[in-house]
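Each chain, letter by letter, is given below.
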Amino acid sequence: MAKVWTEKSKIRRTSVFVLLAFSLTLCVSAQQVATKKGSVGIQAAVADPNYVIGPQDVIDISVWKEPELSRSVPVRPDGKISLPLVNDVQAAGLTPAQLGAQITTSLTKYVTNPQVTVIVSQINSQRIYILGEVARAGSYTLLPEMTVLQALSDAGGFTAFANSKKIYVLRQDNGKQQKVPFNYKDVVSGKDPSQNITLKPGDTIIVP
């Protein structure tokens with residue numbers, strides 16, 4: 001009888017270990033998928049011709065047949081970058097094409113028919129913030145057309161103490177702070193999807 005009970009215990013322990021291993025595999029897979037999705041979104045933002053460069057972004061500048069002028073440079077807090085021959089160039093507030101045209105014009109004094117390509121390799125200026133009762137509070141890259149619901153998903157969802165009906169977005173608009181309400185249940189149920197607004201740089205989502 002004791003031997004039968006021991007065998008049952010072994011089977012029960014083995015089943016528990018199998019379930020734990022399966023759960024761990026699912027978690028890792030989900031994390032890899034989320035990371036892949038985030039990478040795709042960031043690449044789409046970099047490739048957007050209408051993307052406006054901001055401070056702390058990293059820019060790859062290529063001058064055809066001029067390797068000594070080609071380099072990867074960060075945008076300084078003052079919005080400028082430093083390049084050989086042309087020194088400081090205003091980058092923040094311009095699209096990659098506009099910056100490329102500006103650099104081209106500046107280089108014509110030193111290089112015959114310069115051909116300049118500008119690519120944003122890292123987006124660090126477009127950020128949003130998620131605080132409060134979420135799994136992963138912090139700063140996040142703002143992807144193109146990102147909504148509140150998508151941002152909350154990136155933050156891993158709510159904790160057990162979150163009040164999902166009282167979420168709000170803090171936004172600076174013309175020097176004034178706005179408080180935009182977001183009722184999670186009304187949005188996901190389709191009762192009031194208009195609350196799922198498109199986020200802007202600097203927005204802060206508060207989950208009480």
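Scoring rules and cut-offs
- Residues numbered from 1 in each chain as written.
- Predicted model: local features only at pLDDT ≥ 70, side-chain atom pairs only at ≥ 80, totals over all residues.
- Heavy atoms only, no water.
- Core = buried A, V, L, I, M, F, W, Y, C linked by side-chain atoms within 4.5 Å.
- Buried < 20%, exposed > 50% of the residue type's maximum accessible area, 1.4 Å probe, protein only.
- Contact = heavy atoms within 4.5 Å.
- Phe/Tyr/Trp six-rings, centres within 6.5 Å; stacked < 30°, edge-to-face > 60°.
- Helix = DSSP H or I, 4+ residues; strand = E, 2+ residues; numbered from the N terminus.
- Lys NZ or Arg CZ within 6 Å of the ring centre and 35° of its normal.
- Pairing = 2+ DSSP bridges.
- Axes fitted to C-alpha atoms, helices over the stretch in contact; angles between N-to-C directions.

1. Things to note about the nonpolar core
Counting residues in hydrophobic clusters, the biggest one holds 22 residues, and the most contacted among them are I59, I61, I81, L99 and I103. Aside from chain neighbours lying at most four places away, what touches I103 is I61, I81, L83, V89, V116 and V118. The next biggest cluster of nonpolar side chains, apart from the first, holds 19 residues, and it includes L143, A151, L199 and V207.

2. Here's the deal with the packing of aromatic side chains
Counted by the stated rule, this structure contains one aromatic pair. Ring geometry for F158 and Y184: centres 4.9 Å apart, planes at 90°, overall edge-to-face. Here the residue F158 occupies a position in the loop between α3 (148–154) and β8 (167–173), and Y184 occupies one in helix α4 (residues 184–188), the gap between them amounting to 26 residues. For F158, a relative accessible area of 27% gives the class partly exposed. Sitting over the face of the ring of Y168, K179 holds its NZ or CZ atom 4.3 Å from the ring centroid.

3. Considering the sheet that holds strand β6 (residues 127–132)
Here we have five strands laid out as an open sheet, ordered β7-β6-β10-β8-β9, and mixed in their pairing. Strand pairing shows two members of the sheet lacking a second neighbour, β7 (138–141) and β9 (176–182), which therefore form its edges. The mean inter-strand angle of the sheet, taken between neighbouring strand axes irrespective of direction, is 25°. Where β6 and β7 come together, four bridges link them in antiparallel fashion. Bridging from a neighbouring strand, I128 pairs with Y140 of β7.

Nothing here speaks to function; it is geometry throughout.
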